Amino acid sequence: MTIPENKIYPRKGDRETIYLKNAITNENITVGDYTMYNDFVKDPVQFEKNNVLYHYPINNDKLIIGKFCSIACGAKFLFNSANHTMKSLSSYPFPLFFDEWGLDMKDVTQSWDNKGDIVIGNDVWIGYEAVIMAGVKIGDGALIGTRAVVTKDVEPYTIVGGVPAKPIKKRFNDETINAMLEIKWWDWDKDKIRNNIEAIKSGNVENLKGL
């Protein structure tokens, strides 16, 4: 089935910004509604090839991205197969070259340590050329700074940056964060979101209507 262009390119005349969900073909990648990806260097439709790296089918690991996320140009998601095992006396991936060393092909995954899936919450902003490592979970509303390398989980509504990424500050006070996590505006229907856009933009949770 052909997807209409306006469902991939939501902005008229803009071929650098896409609704990412509608460009995904890999069954191990899940993206929520309205999540956008912008790429001014490469074709954004090639996100799976250019941005999801070492994502080999044999490992069956998953990239899960929520709704209303904003992913900047060059953000990368590095999966488990990039992680040469630390359990061995050598970091060399001998099982990967099973023919050379007379090893069993079924043991290829012993070449790397499996740290799990990458899970991105809703309304997450991932900055320019940030790198998210295998096994990381990023909470709703978090912001990932430009060129940050995220090696550990990020709490909801937390801004992180640096190499490796560390918390900088919370976006809101705990009361507002707890309210936002309970409200989950990203799960509202489109009309309810439309009616609350000005309230969302205001930055004041008390302005939201129809709770």
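The following refers to the structure shown. Keep in mind it's a predicted model, so treat the numbers as computed, not measured.

1. Here's the deal with the overall build of the protein
No. 1: Regarding its fold elements, the protein presents six helices and 15 strands.
No. 2: Residues classed as buried in the protein amount to 43% of the 211 residues present.
No. 3: At a minimum sequence separation of 6, the contacts of the protein that also span at least 24 residues come to 46%.
No. 4: Taken as a whole, the protein presents about 12400 Å² of accessible surface, with 53% of it coming from carbon and sulfur.
No. 5: Side-chain charges in the protein split into 26 positive and 28 negative, and the spacing between the mean points of these groups amounts to 4 Å.

2. Comments concerning the sheet that holds strand S5 (residues 63-65)
Strand pairing in a sheet takes place through backbone hydrogen bonds and is either antiparallel or parallel in direction.
No. 1: Read from one edge of the open sheet, four strands run S2-S5-S8-S11, paired in parallel fashion. Only two strands of the sheet have a single neighbouring strand rather than two, namely strand S2 (29-31) and strand S11 (137-138).
No. 2: Relative to S11, strand S8 (residues 118-120) is paired through two bridges, and the arrangement is parallel. Looking at S11, one finds that Val119 is bridged to Lys137.

3. A short note on the side chain of Asn59
No. 1: Along the chain, Asn59 falls in the loop between strand S4 (52-53) and S5.
No. 2: Side-chain polar atoms of Asn59 contact the side chain of Trp112, separated by 2.8 Å.
No. 3: Sequence-distant contacts of Asn59, that is, excluding residues within four places in its chain, are made with Asn80, Ser81, Thr109, Trp112 and Asn114.

4. Here we look at the environment of Asn80
No. 1: Counting through the fold element by element, Asn80 comes out in the loop between strand S7 (76-78) and helix H3 (98-101).
No. 2: On the basis of relative accessible area, Asn80 is assigned to the buried category, the value being 0%.
No. 3: Residues Asn80 and Thr109 lie 29 residues apart in sequence; the distance between their C-alpha atoms is 9.3 Å.
No. 4: Residue contacts for Asn80: discarding those within four places in its chain leaves Tyr54, Asn59, Asp61, Trp112, Asp113, Asn114, Lys115, Gly116 and Ala134.
No. 5: Among the polar contacts listed, one links the side chain of Asn80 to the backbone oxygen of Gly116, at a separation of 3.0 Å.

Thresholds, definitions, all that
- Residues numbered from 1 in each chain as written.
- Predicted model: local features only at pLDDT ≥ 70, side-chain atom pairs only at ≥ 80, totals over all residues.
- Heavy atoms only, no water.
- Helix = DSSP H or I, 4+ residues; strand = E, 2+ residues; numbered from the N terminus.
- Buried < 20%, exposed > 50% of the residue type's maximum accessible area, 1.4 Å probe, protein only.
- Contact = heavy atoms within 4.5 Å.
- Areas by Shrake-Rupley, 256 points an atom, 1.4 Å probe, with all protein chains shown as cover.
- Lys, Arg positive; Asp, Glu negative; His and termini not counted.
- Charge placed at Lys NZ, Arg CZ, Asp CG, Glu CD.
- Pairing = 2+ DSSP bridges.
- Polar contact = N/O pair within 3.5 Å; in protein donor to acceptor, adjacent residues only side chain to side chain.

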